[in-house]
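Geometric and topological summary
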Amino acid sequence: MTDAETRRAVRKAVAKKLKSRTIYFMPDLIAKEINLKTSEVLKYLYELTQFEGILKEGYKFYCPTPECAYTKIYDYFPDKEVEFTCPCCGETIQQPQITENTYLIYRFRDKEIK
């Protein structure tokens, strides 16, 4: 796939998500949809974030406790948080577990997370 074809495929997949009820997504979802490596897709998602303003980077934290389904969305990478107490299971999570359980997401600038 050429550079232009890859860019077009990423834009098409993101446009499809924009028209749906999707508020945010992980980059590997787009990569799977168009059968590319996540590292290849990140370049074009970055373009949509920095140069076109369609997307906004964020981070999603997953509580590492197996029985817990708590997630939290950050606008910044939470590497400065020393500890975090999960409001769902009450577990106190320390660094580096906070960093290890936080993943890059992209969200649309014109959609709100509720």
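Our subject is the structure listed above.
Below is a summary of the structure that appears in this document. (Residues numbered from 1 in each chain as written. Predicted model: local features only at pLDDT ≥ 70, side-chain atom pairs only at ≥ 80, totals over all residues. Heavy atoms only, no water.)

All right, on to the sheet that holds strand β1 (residues 24–25) then. In space, the 4 strands of this open sheet follow the order β1-β6-β2-β3, with antiparallel pairing throughout. Either end of the sheet is taken by a strand with one partner, and the two such strands are β1 and β3 (71–74). Bridge analysis of strand β2 (residues 55–62) against strand β6 (residues 102–108) gives 7 bridges, and the strand direction is antiparallel. Paired with Glu 57 across the strands is Tyr 106, a residue of β6. The strands that helix α3 (residues 38–50) touches are β1, β2 and β6; relative to β2, the one it contacts most, it runs at about 120°. (Pairing = 2+ DSSP bridges. Helix = DSSP H or I, 4+ residues; strand = E, 2+ residues; numbered from the N terminus. Contact = heavy atoms within 4.5 Å. Axes fitted to C-alpha atoms, helices over the stretch in contact; angles between N-to-C directions.)

With that out of the way, let us pick up α3. Taking 1.5 Å per residue as the helical rise, α3 with its 13 residues ought to reach 18 Å, and the 18 Å between its terminal C-alpha atoms agrees with that figure. Looking at the buried residues of α3, the elements they touch are α1 (3–19), β1, α2 (27–33), β2 and β6. (Expected span 1.5 Å × (residues − 1).)

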